[in-house]
Amino acid sequence: LAKTTQPISMDSYEGQEVNITCSHNNIATNDYITWYQQFPSQGPRFIIQGYKTKVTNEVASLFIPADRKSSTLSLPRVSLSDTAVYYCLVGPLSDYKLSFGAGTTVTVRA
Amino acid sequence: DAGVIQSPRHEVTEMGQEVTLRCKPISGHNSLFWYRQTMMRGLELLIYFNNNVPIDDSGMPEDRFSAKMPNASFSTLKIQPSEPRDSAVYFCASSFSQTNEKLFFGSGTQLSVL
């Protein structure tokens, strides 16, 4: 399984863009990159998933460079309610045992 | 759809007592997962069911833990006897396929064993 490394924490202010980078140097050819968000006292929530280049949805964008050794989750114009833990998972779609790791705690301040 | 429903939301019990956690997956989903989350160990996969059949229970910590899925709309995780070290948040998740494409998590059960 590809090992991931992401910052433990990040601070931001309302209205700013937050970019969280996840390193996965040993990503395999059939691995996908998936991000989840977890609010306090709730279960993780799927945000976005991608394989290469750029994926965008109503919540976030995921940027994946050509070598796929890292990826960046971009949250545009964050609000206080975006304060959460963000997890980067890397592995094949067939793998149900992906590790969530420690995640990145994003704190948005007014 | 109401999403994945777990009950109870909170459970406080004494050491040695039996604890049963319940989960109703999203209708139509054929995979169900039980996770445990603690500060020390993060999110750990305990057991995975596909089409109501346990596929992988290698994450179940010991024989005191058991899980069942009698039908497509209900699963239980039982701890007997419970111990203080079992205190954690237990999450149930379901997905439409056997893959990790998109897991839907419940709100969890906060278990405290005194």
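Below is a short write-up of the structure. Note that this is a predicted model, so its numbers are computed, not measured. Counting of residues starts from 1 at the beginning of each chain's written sequence and follows it residue by residue. Just so you know, chain letters begin at A and ligand numbers begin at 1, following the order they were written in. Reporting of local features is limited, given that this is a predicted model, to residues whose pLDDT is at least 70; pairs of side-chain atoms are given and counted only at 80 or more, and all residues count toward the totals for whole chains, interfaces and linings. With hydrogens and water stripped out, all remaining heavy atoms of the structure feed into the side-chain values.

### Side note on the environment of A:Ile27
Helix and strand assignments follow DSSP, with helices taken as H or I runs no shorter than four residues and strands as E runs no shorter than two, numbered in order from the N terminus. Note on placement: A:Ile27 falls in the loop between β2 (18-23) and β3 (31-38). Taking the C-alpha atoms as reference, A:Ile27 lies 9.3 Å from A:Asp67; in sequence the two are 40 residues apart.

### Let's talk about the pattern of salt bridges
Salt bridges are defined by distance alone: a side-chain nitrogen of Lys or Arg within 4 Å of a carboxyl oxygen of Asp or Glu. Following the criterion strictly, the structure yields 10 salt bridges over all chains and no others. One salt bridge connects A:Arg109 with A:Asp11, and the closest N-O pair in it is separated by 3.3 Å. Pair noted here: A:Arg109 is in strand β9 (residues 104-109) and A:Asp11 is in strand β1 (residues 9-13), with a separation of 98 residues, a long-range link. The buried label goes to any residue with under 20% of its type's maximum accessible area, the exposed label to any with over 50%, and the partly exposed label to all in between, with areas taken from a 1.4 Å probe on protein chains only. Accessibility expressed as a relative area gives 38% for A:Arg109, which makes it partly exposed. Looking at A:Asp11, the relative accessible area reads 54%, which means it is exposed. Between A:Lys97 and B:Asp56 there is a salt bridge, with the nearest N and O atoms lying 3.2 Å from each other. Pair noted here: A:Lys97 is in the loop between β8 (84-92) and β9 and B:Asp56 is in strand β6 (residues 53-56), and the two residues belong to different chains. A relative accessible area of 39% means that A:Lys97 is categorised as partly exposed.

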